[in-house]
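Each chain is listed here by its residues.
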Amino acid sequence: MREEAIVEQSSGNSAQHEIAPPGVNPNVPHSARIYDYWLGGKDNFAVDRAVGEAMIQAIPGMRHMAGENRKFVHRAARDLVAKEGIRQFLDVGTGIPTSPNLHEIAQRIAPETRVVYVDNDPIVLVHARALMLSHPDGRSEYISADIRDPRSILENPVLTDTLDLTEPVGLTLIAILMLLADADDPWTTVAELRDAMPSGSCLAITHPTADFNPEAVQQAVAAATGAGMTLVARTREAVARFFGDWELLEPGLVPVSAWRPDTEVENPEAAYYWSGVARKP
């Protein structure tokens, strides 16, 4: 069996035969594969495409929003390396790799940068091994773990061997916290990750919100939850709580397209995400 996802369509009908890597249920949607579909990738299954399309029906600009999230990762990684002196990153909720990846952006500026990626989808692991190749002066590693168990991330031998938690870390939580229900107390989960970071570390977050278009976002959330997923859109105030007492860098907590854009953005609220980067005192 090939490790990657395989989609075969018979010539005589529309039936599809999909083969998944070990540990992957192709009948259960996953956020990383839905996101991959929105970005034009091929590592997704029919159930992911169905949920993705239902969410696009609710929010026609969903592909644009996914793209804006990727652009934020690039800008944040660039500025954390170039302006904040960060040389190591912990990226939780990595998703299926889409070049350029975080380590590629960072290592263009500082080749010695080290990055640990974290996700819980076996498909991500397959591609991480193949595509997340580090500059020889730096390091790029992958951990299969769940954000709901921060200790399993922080105590993983790969992390402790790759990152020096006595030196500043760039902790990135990009479009991941929406997958944690309020009942799971995601603020405590993030606080545990924050508390493990030394002074000078930075935290970058993007999070979907209904603040800009409540009706459309509610429909998109209903499409996801109706398929058995957890998806929570949060207010600006609720997202701000994830940063704790860390100092928000300019321009603060803003729509994802408005965080240090490379070009003028005509309507930043067209992407329904809050975003921000904060520094630990």
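Residues numbered from 1 in each chain as written. Predicted model: local features only at pLDDT ≥ 70, side-chain atom pairs only at ≥ 80, totals over all residues. Heavy atoms only, no water.

A.B. asks: How should the overall build of the chain be read in this particular structure?
C.D. replies: Tallying secondary structure elements over the chain gives 10 helices and 10 strands in all. In terms of overall dimensions, the chain has a C-alpha envelope of 60 × 45 × 40 Å along the principal axes. Across the 281 residues that make up the chain, the buried fraction comes to 52%. Within the chain, counting contacts between residues at least 6 apart in sequence, those at least 24 apart form 73% of the total. For the chain, the accessible surface area stands at approximately 12400 Å², while carbon and sulfur atoms represent 49% of it. With 24 positive and 39 negative side-chain charges, the chain shows a spacing of 3 Å between the two charge centroids. (Helix = DSSP H or I, 4+ residues; strand = E, 2+ residues; numbered from the N terminus. Buried < 20%, exposed > 50% of the residue type's maximum accessible area, 1.4 Å probe, protein only. Contact = heavy atoms within 4.5 Å. Areas by Shrake-Rupley, 256 points an atom, 1.4 Å probe, with all protein chains shown as cover. Lys, Arg positive; Asp, Glu negative; His and termini not counted. Charge placed at Lys NZ, Arg CZ, Asp CG, Glu CD.)

A.B. asks: How should helix α1 (residues 31–38) be read in this particular structure?
C.D. replies: Because each turn of an α-helix spans 3.6 residues, side chains separated by three or four positions in sequence point in the same direction. Across the 8 residues of α1, 7 count as buried, placing the element largely inside the fold. Those residues of α1 that sit buried are Ala 32, Arg 33, Ile 34, Tyr 35, Asp 36, Tyr 37 and Trp 38.

A.B. asks: Could you clarify how one ought to interpret the pattern of salt bridges in this entry?
C.D. replies: Think of it this way: side chains of opposite charge can pair up when their charged atoms draw near. The tally for this structure, following the rule as stated, stands at 17 salt bridges. Of the charged contacts, one joins Arg 78 and Asp 262 as a salt bridge, the two residues approaching to 2.8 Å between their closest N and O atoms. Of this pair, Arg 78 sits in helix α3 (residues 62–82) while Asp 262 sits in the loop between β9 (254–255) and β10 (273–279), placing them 184 residues apart in sequence. Assessed through its relative accessible area of 27%, Arg 78 is described here as partly exposed. On the accessibility criterion, Asp 262 (57% relative accessible area) is exposed. (Salt bridge = Lys/Arg side-chain N within 4 Å of Asp/Glu carboxyl O.)

A.B. asks: Is there a simple way to explain the packing of aromatic side chains in this structure?
C.D. replies: Given two aromatic rings, their pairing is described by the distance between the two centres and the angle made by the two planes. Across all of its chains, the model carries 3 aromatic pairs by this definition. With 5.4 Å between their ring centres and 70° between their planes, Phe 72 and Trp 259 make a pair best called edge-to-face. Of this pair, Phe 72 sits in helix α3 while Trp 259 sits in the loop between β9 and β10, and the two are 187 residues apart along the sequence. Of note, Arg 63 hangs over the ring of Tyr 37, and the distance from its end group to the ring centre comes to 4.8 Å. Directly above the ring of Trp 187 sits Arg 241, whose terminal nitrogen or CZ lies 4.1 Å from the centroid. (Phe/Tyr/Trp six-rings, centres within 6.5 Å; stacked < 30°, edge-to-face > 60°. Lys NZ or Arg CZ within 6 Å of the ring centre and 35° of its normal.)

A.B. asks: What should I look at first to understand the layout of surface pockets in this one?
C.D. replies: A probe as big as a water molecule, rolled over the atoms, marks out the empty space that is left. The space that makes up the second largest pocket amounts to roughly 200 Å³. Looking at the second largest pocket, the residues that line it are His 64, Glu 68, Lys 71, Arg 75, Ser 257, Pro 261, Asp 262, Thr 263, Val 265, Asn 267 and Ala 270. Looking at the lining of the second largest pocket residue by residue, the classes come out as 3 nonpolar, 4 polar and 4 charged. (1 Å grid on protein atoms, 1.4 Å probe; cavity = no way out; pocket = protein on both sides within 12 Å on 5 of 7 lines; lining within 4 Å. Points joined across faces, edges and corners; volume = space filled by probe spheres on them. Nonpolar A, V, L, I, M, F, W, Y, C, P; charged D, E, K, R; others polar.)

A.B. asks: What's the story with the packing of α1 against α3 in this structure? I'm lost.
C.D. replies: Axis angle and axis distance: for two packed helices, these are the angle between their axes and the distance between the axes, and together they describe the pair. For the pair α1 and α3, the least separation of the axes is 9 Å and the interaxial angle reads 105°. Between α1 and α3, the angle falls in the class roughly perpendicular. On the side of α1, the interface is formed by Tyr 35, Tyr 37 and Trp 38, while α3 contributes Met 62, Arg 63, Ala 66, Asn 69 and Arg 70. Of the residues assigned to the contact of α1 with α3, the class counts are 5 nonpolar, 1 polar and 2 charged. (Axes fitted to C-alpha atoms, helices over the stretch in contact; angles between N-to-C directions. Parallel < 35°, antiparallel > 145°, perpendicular 65-115°, else oblique.)

A.B. asks: Teacher, can you tell me more about the environment of Ala 271 here?
C.D. replies: Mapping Ala 271 onto the fold places it in the loop between β9 and β10. When the C-alpha positions of Ala 271 and Met 178 are compared, they lie 15 Å apart, and in sequence the two are 93 residues distant. The contact partners of Ala 271, leaving out residues within four places of it in the chain, are His 64, Met 65, Glu 68, Phe 212, Val 256 and Ser 257.

A.B. asks: I'm lost on the nonpolar core in this one. Help?
C.D. replies: When a protein is soluble and globular, its nonpolar side chains tend to lie buried together. Ranked by size, the top nonpolar core spans 88 residues in total, and within it Trp 38, Ile 59, Leu 90, Leu 173, Leu 177 and Val 277 carry the most contacts. Non-local contacts of Leu 177, meaning those with residues more than four positions away in its chain, are made with Ile 147, Val 190, Ile 205, His 207, Arg 234 and Phe 242. (Core = buried A, V, L, I, M, F, W, Y, C linked by side-chain atoms within 4.5 Å.)

A.B. asks: What am I meant to see in the pairing of strand β3 (residues 88–92) here?
C.D. replies: Within a regular beta strand, the side chains point alternately toward one face of the sheet and then the other, so they alternate between its two faces. Counting buried residues along β3, 5 of its 5 residues qualify, which places the element largely inside the surrounding structure. Of the two faces of β3, both are covered, the one formed by Gln 88, Leu 90 and Val 92 as well as the one formed by Phe 89 and Asp 91. Where β3 lies against strand β4 (residues 114–119), 5 bridges are found, and the strand directions are parallel. Note on β4: the bridge partner recorded for Gln 88 is Arg 114. Handedness of the crossover joining β3 and β4 through helix α4 (residues 102–109): right-handed. Pairing geometry for β3 and strand β6 (residues 170–174), over 3 bridges, is parallel. Counted as the bridge partner of Leu 90 is Leu 171 from β6. (Pairing = 2+ DSSP bridges. Right-handed = clockwise from strand over helix to strand, strands pointing away.)

A.B. asks: Is there a simple way to think about the pairing of β6 in this case?
C.D. replies: In terms of burial, β6 is a largely internal element, 5 of the 5 residues being buried. Side-chain alternation along β6 places Gly 170, Thr 172 and Ile 174 on one buried face and Leu 171 and Leu 173 on a second face that is also buried. Of the pairings in the sheet, the one linking β6 to strand β7 (residues 202–208) comprises 5 bridges and is parallel in character. What sits directly across from Leu 171, in β7, is Leu 203. The handedness of the β6 to β7 crossover, carried by helix α8 (residues 186–195), is right-handed.

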